Amino acid sequence: MNALTVIFIGPQGSGKGTQIEKLDAIMIEKDPVRRVVDIQTGRRFRSLAARSETFAEKKVAVTLDTGVLQPDFLTHILWGEAMLDQLDPKSHLLIDGFPRTVPQAHVLDDAFKFFERNEIHVINLETPEEVVRARMVSRARADDTTESIEERLRWYREDTLPVLQYYRLRAQTHVHDIDGMDTIEGVHQQILKALNLN
Ligand code: AMP
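Residues numbered from 1 in each chain as written. Predicted model: local features only at pLDDT ≥ 70, side-chain atom pairs only at ≥ 80, totals over all residues. Heavy atoms only, no water.

Peer 1: Could you give an account of helix α7 (residues 146-169), with specific residues and numbers?
Peer 2: With 24 residues, α7 should reach 34 Å at 1.5 Å per residue; the first-to-last C-alpha distance of 34 Å fits that figure. When the local axis directions of α7 are compared, the greatest deviation, roughly 40 degrees, occurs at Arg157. Of all the residues in α7, the buried ones are Ser148, Ile149, Glu151, Arg152, Leu153, Trp155, Tyr156, Thr160, Val163, Leu164 and Tyr167. Next to the buried residues of α7 lie β1 (5-9), α5 (102-114), β4 (120-126), α6 (129-139) and β5 (173-179). (Helix = DSSP H or I, 4+ residues; strand = E, 2+ residues; numbered from the N terminus. Expected span 1.5 Å × (residues − 1). Bend = angle between axes of the 7 residues up to and from the residue. Buried < 20%, exposed > 50% of the residue type's maximum accessible area, 1.4 Å probe, protein only. Contact = heavy atoms within 4.5 Å.)

This is the structure we're talking about:
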């Protein structure tokens, strides 16, 4: 098996986290000698907010629950640091939470070049807005207020959907459109098929 690079794109509530966990387990099983590096910007932003000591940590803490996108430079620092610490061209790489804007995708391209990762897979978890809205309302995470849910859906539409278009046109990039309305197991099987892992 070659080293895989997989970017998960889907609105919040589309089940990205669950699917990455399931895929991670399969990859460890199928390719035990290779490391699977799993980078999630959302988790890293939440741990910055939880520390709340420096100016930046406090600022992230007060803005995170509003659902706004955090500044690009911070996002790049968080995933860049994770790559510096863990990544080499031989590891599998699973990405959750970035790029969420086209400028972020450009910086990520730079990193792909540096880490010698040429072929990119994008898993597009297509889930209608009304479905993810209902899921977010029912899971009642601290940051799932009506305003923050609407804000996150807005930037997904305006800033993240263009990222998919960017990847559809990018060379050596495969965008796999997955029906996010399927069951958890059904979505998992669609992903395995898309990545030729079944
Ligand atoms: P998530 O856990 O991926 O839903 O992300 C939680 C929050 O972290 C988001 O609502 C954003 O405020 C912030 N965040 C995560 N990833 C990014 C990113 N790539 N760009 C900007 N903000 C981000």
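Peer 1: How would you explain the nonpolar core if you had to name every residue and give the values?
Peer 2: By size, the foremost hydrophobic cluster in this structure holds 24 residues, and its most contacted members are Ile7, Met83, Leu108 and Tyr167. Looking at this core, the elements with two or more residues in it are β1, β2 (36-40), α4 (72-86), β3 (92-96), α5, β4 and α7. Examining the composition of this core, we find that five residues originate from one element, α7, more than from any other. In this structure Met83 touches Ile39, Leu93, Ile95, Phe98, Leu108, Ala111 and Phe115, once residues within four positions along its chain are discounted. (Core = buried A, V, L, I, M, F, W, Y, C linked by side-chain atoms within 4.5 Å.)

Peer 1: Break down the packing of aromatic side chains for me, citing the residues and quoting the values.
Peer 2: One pair of aromatic rings is described through two measures. These are the centre distance and the angle between the planes. Here the structure, examined in full by the defined rule, presents three aromatic pairs. Ring centres of Phe114 and Phe115 lie 5.0 Å apart, and the angle between their planes is 80 degrees; on these two criteria the pair is classed as edge-to-face. (Phe/Tyr/Trp six-rings, centres within 6.5 Å; stacked < 30°, edge-to-face > 60°.)

Peer 1: Residue-level account of the environment of Val68, with values.
Peer 2: Within the secondary structure layout, Val68 lies in the loop between α3 (55-64) and α4. Overall, Val68 belongs to the partly exposed group, its relative accessible area being 34%. C-alpha of Val68 to C-alpha of Trp155: the two residues are 87 residues apart in sequence and 8.0 Å apart in space. In contact with Val68, other than residues within four places in its own chain, are Thr63, Glu151 and Trp155.

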